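What the coordinates show
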Amino acid sequence: AQSVTQPDARVTVSEGASLQLRCKYSYSATPYLFWYVQYPRQGLQLLLKYYSGDPVVQGVNSFEAEFSKSNSSFHLQKASVHWSDSAVYFCALSMRNNRIFFGDGTQLVVKP
Amino acid sequence: GPKVLQIPSHQIIDMGQMVTLNCDPVSNHLYFYWYKQILGQQMEFLVNFYNGKVMEKSKLFKDQFSVERPDGSYFTLKIQPTALEDSAVYFCASSLALGGDTQYFGPGTRLLVL
């Protein structure tokens, strides 16, 4: 069965620090992988997605993620966070029918 | 980027009543989805819809649920009758294609069933 695990419910970092949000997935084939961000009272916004090719994917706002088939992971990274990055981040996978499976989300708090 | 709108943003109703949640998807999109998120839990797939038909539904999509998009207007989720466990945030999404094509999400409708 397919699933997505985000082991960290909440991550707190200082502004300007680097960030990694962890994501592990379970799926028998290579899935489509996504990172979405949700700001308060807004819908999910796509940060980046991966299916094949270069395992390091660049997204919006200088976010990037690295796919690892051996580790079944798709961690999100950013070199230097800004206070406006505070939000909830969801890792997700989908199959060819576009049914999406979401992780529980990680709440990112950026301290000034 | 493309916007998906959802109306209303909040709805409070009594158990047993009917409720219709409305979604205005991205204009040229062909595939439509509903997801449900109970407070503190994962967002879960309910149903996807294409060309006037349900393509796939999850076990959360109870018999009391129905979806339609009459004449290319709103994509709606109707719950009749509602139950207490239907209280959740319902997110609508749309995409142009399948195969991992990006789904664009609305801000959600917060439904409270009393």
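Predicted model only: the values in this text are computed from it and were never measured. (Residues numbered from 1 in each chain as written. Chains lettered and ligands numbered in written order. Predicted model: local features only at pLDDT ≥ 70, side-chain atom pairs only at ≥ 80, totals over all residues. Heavy atoms only, no water.)

1. Some words on the pairing of strand 8 (residues 75-79) of chain B
Residue and element names in this part refer to chain B. Which entries qualify depends on this criterion: Exposure is judged per residue with a 1.4 Å probe applied to protein chains only, and the accessible area is read against the type maximum: over 50% gives exposed, under 20% gives buried, and values in between give partly exposed. We count a stretch as a helix when DSSP gives it H or I for four or more residues in a row; a strand needs E for two or more, and each element gets its number in order from the N terminus. Any two strands are treated as partners once DSSP identifies two or more bridges connecting them.
Of all five residues that make up strand 8, four are buried, and the element is covered over most of its length. Pairing analysis gives five bridges linking strand 3 (residues 19-24) to strand 8, with the strands arranged antiparallel. Of the residues in strand 8, the one forming a bridge with Leu21 is Leu77. Both strand 7 (residues 65-68) and strand 8 contribute to a ladder of four bridges, which runs antiparallel.

2. Describing the packing of aromatic side chains
Quick reminder of the rule: Pairing of aromatic rings covers Phe, Tyr and Trp, the last counted by its six-membered ring, and requires centre-to-centre distances within 6.5 Å; plane angles under 30 degrees mean stacked, over 60 mean edge-to-face, and any other angle means tilted.
With the rule as written, the count across this model stands at 19 aromatic pairs over all chains. Grouped by ring-pair contacts, the aromatic residues A:Phe34, A:Tyr36, A:Phe90, A:Phe102, B:Tyr33, B:Tyr35, B:Phe45 and B:Phe105 constitute a single cluster.

3. Section: the side chain of B:His29
All names here are of chain B. Formally: Any pair of N or O atoms that falls within 3.5 Å is considered a polar contact. Within protein, one atom must be able to donate a hydrogen and the other to accept it, and sequence-neighbouring residues count only if both atoms are side-chain atoms. Residue contacts are counted whenever heavy atoms from the two residues lie within 4.5 Å of one another.
Secondary-structure assignment places His29 in the loop between strand 3 and strand 4 (31-37). Judged by its relative accessible area of 8%, His29 falls in the buried class. From its side chain, His29 meets the backbone nitrogen of Ser95 in a polar contact 3.3 Å long. Dropping the residues within four chain positions of it, His29 is found in contact with Arg69, Ser94, Ser95, Leu96 and Tyr104.

4. Comments concerning a nonpolar patch on the surface
All names here are of chain B. So the rule is basically this: Patches here: salt-bridge-free residues with over 30% relative accessible area, like charges joined within 9 Å, nonpolar side chains (Val, Leu, Ile, Met, Phe, Trp, Tyr) joined within 5 Å. Using a 1.4 Å probe, the Shrake-Rupley method yields the accessible areas, and only the shown protein chains count as cover for residues. Salt-bridge detection follows one rule: a side-chain nitrogen of Lys or Arg within 4 Å of a carboxyl oxygen of Asp or Glu.
Together, Leu30, Tyr50, Met55 and Leu96 give the surface a local cluster of nonpolar side chains, amounting to about 330 Å² of exposed area. Here Leu30 is to be found in the loop between strand 3 and strand 4. In this structure Leu30 comes out as partly exposed when scored by relative accessible area, which is 41%.

5. Regarding the sheet that holds strand 3 of chain B
Residues and elements named next belong to chain B. Stated formally: A fitted line through C-alpha atoms represents every axis, and for helices the fit uses only the stretch in contact; the resulting angles, taken between N-to-C directions, go from 0 to 180 degrees.
Strand order in the open sheet formed by four strands is 1-3-8-7, with antiparallel pairing between adjacent strands. A single partner strand is all that each edge strand has here, and the edge strands are strand 1 (5-7) and strand 7. Across the sheet, the mean angle from the axis of one strand to that of its neighbour is 20°, orientation sign disregarded. With three bridges connecting them, strand 1 and strand 3 associate as antiparallel partners. Counterpart to Ile7 in the pairing with strand 3 is Asn22.

6. Concerning the interface of chain B and chain A
How we decide: Buried area: the accessible surface (1.4 Å probe) lost by two parts on joining, summed over both. Polar here means any residue other than Ala, Val, Leu, Ile, Met, Phe, Trp, Tyr, Cys and Pro, which are nonpolar, and Asp, Glu, Lys and Arg, which are charged; Gly is therefore polar.
Each side of the interface is counted separately: chain B has 23 residues, and chain A has 22 residues. For the chain B and chain A pair, buried surface summed over both sides reaches about 1,800 Å², with 47% attributable to carbon and sulfur atoms. Between chain B and chain A we count one salt bridge in total. Note that B:Glu56 is salt-bridged to A:Arg99, the shortest N-O span being 2.9 Å. Linking chain B to chain A there are 13 residue pairs in polar contact (both at pLDDT 80 or more). For the side of chain B that touches chain A, the class distribution of residues is nine nonpolar, 10 polar and four charged.

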